[in-house]
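# Summary of structural features
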2 protein chains.
Amino acid sequence: MTSYKIHPAVAEAVRGFSCPASLGFGAVTAPVMYSVEYRNGAWGQGELLPYGDIAVPPGCKGLHFAEQIFEGMKAYRFEGKAPTLFRPRDNWARFVRSAERMCMVTVPEHLFMDGIEAVTGACAPHIPTASGQALYLRPFAFGLDPSYTIKASDNLRFMVIGSPVEAYATAPMRVMIERHDVRAARGGVGVAKTGGNYAASLRSSTLAIAGGYHVSLWLDPETRGNIEELSGMNVFAVIDGVLHTPELNDSILPGITRDSLIRLARHRGYKLVERVMNMEALLGDIRDGRCSEVFACGTAAIVNPIALFGEADGRTVPLPSATPVASELRQALLDIQEGRGSDPFGWIVEVPPLAL
Amino acid sequence: MTSYKIHPAVAEAVRGFSCPASLGFGAVTAPVMYSVEYRNGAWGQGELLPYGDIAVPPGCKGLHFAEQIFEGMKAYRFEGKAPTLFRPRDNWARFVRSAERMCMVTVPEHLFMDGIEAVTGACAPHIPTASGQALYLRPFAFGLDPSYTIKASDNLRFMVIGSPVEAYATAPMRVMIERHDVRAARGGVGVAKTGGNYAASLRSSTLAIAGGYHVSLWLDPETRGNIEELSGMNVFAVIDGVLHTPELNDSILPGITRDSLIRLARHRGYKLVERVMNMEALLGDIRDGRCSEVFACGTAAIVNPIALFGEADGRTVPLPSATPVASELRQALLDIQEGRGSDPFGWIVEVPPLAL
């Protein structure tokens, strides 16, 4: 007995689904989705549905005023075991903080977990099991009110969709330092996981890819001198054997993988410093050989080394190809996420089976 | 014979529609909408449809990465005359610039005008005719691709919806100076009419309304000292009899009403200066009596005087209640828009009738 409805066509949708051999990241759509609406001051009953288009008012604020927030998380499965989630309540807590920053109605923990567990439970047989693979989960909410006044919606839709995936990036990344565009203002919404920050990244991503890079690195909006994050990933550097990562401010997204790596690295005996990190100083440390590794992390990327930093004009500063610290931390994180290692921080949550 | 399809239910939808006596701004929805999609590298055929919910992929970038742009414009009608538009090709040109900033597919002029003219033509009998009233038109486009990679969509939907409206604001406005939040970064997307800028405004709007203000005034993202714009409106001040307005930069929206007032004011013999306008200096000029009026303008607001500037803590600086310059320019603009005066700039475009 679940607290949400299960549409009669869900069982058939799950049975009829099969994962292709090549997954990519987001190319394959999970066969079910969860949806619940907030209307007239109250949440309705959630429902697990076959995946498909949704009906929205064409003037809704989700589509006009970017009144939208989301999360990215993963469900893991090891052969013969129940699916598991990694720190799902931290995603929920960040989802609430994002909603608060955007003045949106907050989704209660039980509905958030219902959505995550319903999609994960229904898709359990289709969660890919090789290391680095997972069911990517995308909880999101958007304003439903069709209105032109600059005011948050009274009505909201919360949904969870999913995608069986590989790791987002699989090779060391070529990173373009973005010198012109800014992802998020100080006093803006950079700290929230909301669409506008990603929209502001599209031009830079386009230029980066056209220039042979994989992703842009964002500098702070005030001095344009300090490292903030990559599009969708936080950054760590190893300098003189010590780990460094930009300290949080109101324009950096507080990554859950970032937080996990900080705790994991300290647990493994690394010294780790959160501080303002100047870009030119880091490039100097790389050239001098004091900085031996820089790597990115995120739910999608897991832990991924950076091969080089470059400018829009093509000048680059390469990093060493050996990345022992990134490899060690990536493996330690995956060992916890994929259920091979112990779970000293209590990060893993098992998903109850869903009978369809 | 139109270049777009007309759904067979459109005629009935228009016949069955009637405008309530009280319109507000956006509370009444026009009975039809225009839609056209860009897929596989080409635009499909547009269609005029009865207004209703639209089907979108739940993972589309319009809802996740705020890949969305819009315009705001109005169609006017005087008794016994055909409907008219005000500078519609300037809205189209800005829509194209917004698309380019967001790396989105651009909507060709003929499709943009088709959409505007189809909705205006079909709604012609329902365009309210009192001065200050109009059919508000909302052209918008959003990314359709359901994908989690930070890259612009290959597929796009362009739509036009409408709403018979009064003026957005009808009383002199109480304006809260926003000292903390920032609407758009330098190097951000403030110059584009895209949802993320409005999402970033929601918290400030909420606080402003809770504090008894109507709207927030945004300061520049770098020094936090200079006036940018109100949420959705540009600003003019009359100082020693001369009009002043903030000069455009990459975080101020280049308003079409702003541009129209600049040309209209100069045409009427006013001296007008576009310059960086410091907030404290303006407050000093108001206190000293040198600044006699400050007013806001926009498609929705037309021209609307500001009654006072205030802080979040309640301190306020009032402005004189007599607003002769704002009243003169508002009337001159409305005389052109509503077809009473001559049209020296060629701003008015008649809409061909639509037989249903």
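Because the structure is predicted, anything quoted here is derived from the model rather than measured. Sequence order sets the numbering: in each chain, residues are counted from 1 along the sequence as written. As a convention, the first chain written is A and the first ligand written is 1, with the rest following in written order. Where totals are concerned, whole chains, interfaces and linings use all residues; where local detail is concerned, this predicted model gives features only for residues with pLDDT of at least 70, and gives and counts side-chain atom pairs only at 80 or more. Side-chain figures throughout are based on the complete set of non-hydrogen atoms in the structure, without hydrogens or water.

## Some remarks on the overall build of chain A
Note on conventions: DSSP H or I runs of at least 4 residues are helices, E runs of at least 2 residues are strands, and numbering of each starts at the N terminus. The secondary structure content of chain A amounts to nine helices and 20 strands. A globule of 356 residues ought to have a C-alpha radius of gyration of about 21 Å, and chain A, at 21 Å, matches this closely. For chain A, the spread of C-alpha atoms along the principal axes amounts to about 65 × 55 × 35 Å. Residue exposure (1.4 Å probe, protein chains only): buried if accessible area is under 20% of the type maximum, exposed if over 50%, otherwise partly exposed. The buried share among the 356 residues of chain A stands at 62%. Long-range pairs, those at least 24 residues apart, make up 71% of the contacts in chain A between residues at least 6 apart in sequence. Carbon and sulfur atoms make up 53% of the accessible area of chain A, which amounts to about 12,500 Å² in all. Atoms considered for the radius of gyration are the C-alpha atoms alone. The globule rule reads 2.2 Å times the number of residues to the power 0.38. In what follows, residue pairs with any heavy atoms lying within 4.5 Å of each other are defined as contacts. Surface accessibility in these figures is a Shrake-Rupley result with a 1.4 Å probe; residues are shielded only by whichever protein chains are displayed.

## Re the pattern of salt bridges
Here the idea is simple: oppositely charged side chains can pair when their charged atoms come close. Residues and elements named next belong to chain A. For this analysis, a salt bridge means a side-chain nitrogen from Lys or Arg found within 4 Å of a carboxyl oxygen belonging to Asp or Glu. Applying the stated criterion across every chain yields a total of 48 salt bridges over all chains. Across the salt bridge formed by glutamate 228 and arginine 186, the nearest N and O atoms sit 3.3 Å from each other. Placement of glutamate 228 in strand β13 (residues 227-230) and of arginine 186 in the loop between β11 (173-177) and α5 (195-199) is noted, with a sequence separation of 42 residues between them. One connected set of salt bridges, linked through shared partners, spans Arg87, Asp90, Asp259 and Arg263.

## Concerning the packing of aromatic side chains
For any pair of aromatic rings, the description rests on two quantities: the centre-to-centre distance and the angle between the ring planes. Whether two aromatic rings pair depends on their centres lying within 6.5 Å, for rings of Phe, Tyr and Trp, where Trp uses its six-membered ring; planes under 30 degrees apart make the pair stacked, over 60 edge-to-face, and the rest tilted. Overall, the coordinates contain 32 aromatic pairs over all chains when judged by the stated rule. A centroid spacing of 6.2 Å and a plane angle of 65 degrees characterise the contact between B:Tyr34 and B:Phe158, whose relative ring orientation is edge-to-face. On the criterion of sequence distance, the pair formed by B:Tyr34 in strand β2 (residues 32-39) and B:Phe158 in strand β10 (residues 156-165) is long-range, its members being 124 residues apart. The interplanar angle of 15 degrees and the centroid separation of 6.2 Å between the aromatic rings of B:Phe140 and B:Phe142 together place this pair among those described as stacked. In this pair, the class of B:Phe140 matches that of B:Phe142, namely buried. An aromatic cluster of three or more residues is present, and its members are A:Tyr4, A:Tyr34, A:Phe95, A:Phe112 and A:Phe158.

## Side note on the UniProt feature "modified residue: N6-(pyridoxal phosphate)lysine" (unreviewed entry) in chain A
All names here are of chain A. UniProt positions are given in the numbering used here, feature names are shortened, and annotations may be inferred rather than shown by experiment. This chain's UniProt record puts "modified residue: N6-(pyridoxal phosphate)lysine" (unreviewed entry) on Lys193. Considering the arrangement of structural elements, one finds lysine 193 in the loop between β11 and α5. Judged by relative accessible area, which is 9%, lysine 193 ranks as buried. In contact with lysine 193, not counting residues within four places along its chain, are Gln68, Ile69, Phe70, Glu71, Gly72, Arg94, Ser98, Tyr198 and Leu253.

## As for the pairing of strand β15 (residues 242-246) of chain A
All names here are of chain A. Where burial is concerned, most of β15 is hidden: five out of the five residues are buried. Counted along the chain from strand β14 (residues 234-239) to the antiparallel partner β15, the turn is two residues long, and its residue aspartate 240 has a positive phi close to 50 degrees. Sheet topology places β15 next to strand β16 (residues 272-275); four bridges connect them, and they run parallel. Along β16, the bridge assignment pairs proline 246 with arginine 275. Handedness of a crossover is defined as follows: with both strands directed away from the viewer, a clockwise route from the first strand across the helix to the second makes it right-handed. Traced from β15 through helix α7 (residues 256-267) to β16, the parallel crossover comes out right-handed. Paired strands are those between which DSSP finds at least two bridges.

## Points about the relation of the copies chain A and chain B
Between the two chain copies there is a screw-like relation: a rotation about an axis and a shift along it. Its rotation angle being 180 degrees, the transformation that places chain A on chain B also includes 0.0 Å of axial translation and leaves an RMSD of 0.0 Å. The operation mapping one copy onto its partner corresponds to a two-fold rotation axis. When you check the interface residues of chain A against chain B, 100% turn up at the interface there too, and the contact is symmetric in its surfaces. The copies were overlaid by least squares, fitting only the C-alpha atoms of residues that reach a pLDDT of 70 or more in each copy.

## Examining the packing of helix α3 (residues 88-101) of chain A against helix α4 (residues 109-123) of chain A
Residues and elements named next belong to chain A. Closest axis-to-axis distance for the α3/α4 pair is 10 Å, and the angle between their directions is 125 degrees. As far as their axial angle goes, α4 and α3 are oblique. Of the two possible hands of crossing, α3 and α4 adopt the one that is right-handed. Of the residues in α4, those in contact with Pro88, Arg89, Asn91, Trp92 and Phe95 of α3 are Glu109, Phe112 and Met113. Helix axes are fitted only over the stretch in contact, all axes being lines through C-alpha atoms; the angle between N-to-C directions runs from 0 to 180 degrees. Each angle is binned into one of four classes, with values under 35 degrees roughly parallel, values over 145 roughly antiparallel, values of 65 to 115 roughly perpendicular, and all other values oblique. Here a crossing is taken to be left-handed if its near helix is turned anticlockwise relative to the far helix by less than a right angle, and right-handed if that turn runs clockwise.

## Some words on helix α8 (residues 279-288) of chain A
All names here are of chain A. For α8, the complete set of buried residues consists of Met279, Leu282, Leu283, Asp285 and Ile286. Here the buried residues of α8 occupy an arc of 160 degrees about the axis, which is enough to place them on one side. Every exposed residue of α8 that faces more than 90 degrees away from the buried side is listed here: Arg287 and Asp288. The definition of a polar contact used here is a pair of N or O atoms within 3.5 Å, where within protein one atom must be able to donate a hydrogen and the other to accept one, and adjacent residues in sequence count solely through side-chain atom pairs. Capping of α8 at its N-terminal end is provided by asparagine 278; its side-chain oxygen lies 3.0 Å from the backbone amide nitrogen of glutamate 280. Positive phi appears at glycine 289, one or two residues downstream of α8, with a value of about 85 degrees. The arc in question is the one spanned by the directions pointing from the helix axis to the C-beta atoms.

## Some thoughts on helix α6 (residues 202-210) of chain A
Residues and elements named next belong to chain A. Listing the buried residues of α6 in full gives Leu202, Ser204, Ser205 and Ala208. Seen along its axis, α6 keeps its buried residues to an arc of 160 degrees; they face one direction. Where the residues of α6 are buried, they touch β11, α5 and β12 (215-219). Among the residues trailing α6, glycine 212 stands out with phi positive, at a value near 85 degrees.

## Observations concerning the interface of chain A and chain B
Counting residues at the interface gives 60 residues for chain A, matched by 60 residues for chain B. In total, about 5,200 Å² of surface goes out of reach between chain A and chain B, with carbon and sulfur atoms giving 64% of it. Two parts placed together each lose some accessible area under a 1.4 Å probe, and adding up what both lose gives the buried area. Interface area lost by chain A to chain B is led by A:Leu63, A:Tyr148 and A:Ile150, which between them contribute 16%. Inspection of the region where chain A meets chain B yields two salt bridges. Among the salt bridges present, the one from B:Asp181 reaches A:Arg101, with a minimum N-O distance of 3.5 Å. The interface formed by chain A and chain B contains 22 residue pairs in polar contact (both at pLDDT 80 or more). For the side of chain A that touches chain B, the elements supplying multiple residues, two or more each, are β5 (54-56), α2 (61-64), β6 (68-70), β9 (134-143), β10 (156-165), α5 and α6 of chain A.

## A look at the environment of B:Thr223
All names here are of chain B. In this fold, threonine 223 is placed in the loop between β12 (215-219) and β13 (227-230). Threonine 223 sits in the exposed class, given a relative accessible area of 52%. In this structure the C-alpha to C-alpha distance between threonine 223 and asparagine 278, which are 55 residues apart in sequence, comes to 9.9 Å. Side chain to side chain, threonine 223 and aspartate 220 meet in a polar contact 2.6 Å long.

## Considerations on the state of the cysteines
Residue and element names in this part refer to chain B. Criterion for a disulfide: a pair of cysteine sulfur atoms at a distance within 2.5 Å. One pass over the full model with this rule turns up zero disulfides over all chains. No disulfide involves cysteine 103; its nearest neighbouring cysteine sulfur is the one of cysteine 60, lying 18 Å away. Classification of cysteine 103 by relative accessible area gives partly exposed; the value is 22%. With no disulfide of its own, cysteine 123 lies 8.9 Å from the sulfur of cysteine 19, the closest cysteine sulfur.

## Thoughts on the side chain of A:Lys61
All names here are of chain A. Assignment of secondary structure puts lysine 61 in helix α2. Only four residue types enter the charge count, namely Lys and Arg as positive and Asp and Glu as negative; His and the chain termini do not. We note that lysine 61 is buried and unpaired, the nearest opposite charge coming from aspartate 145 at a distance of 5.2 Å. For lysine 61, the residues in contact, after removing those within four places along its chain, are Ala66, Glu67, Gly143, Asp145, Ser147, Thr149, Lys151, Ala152 and Ser153.

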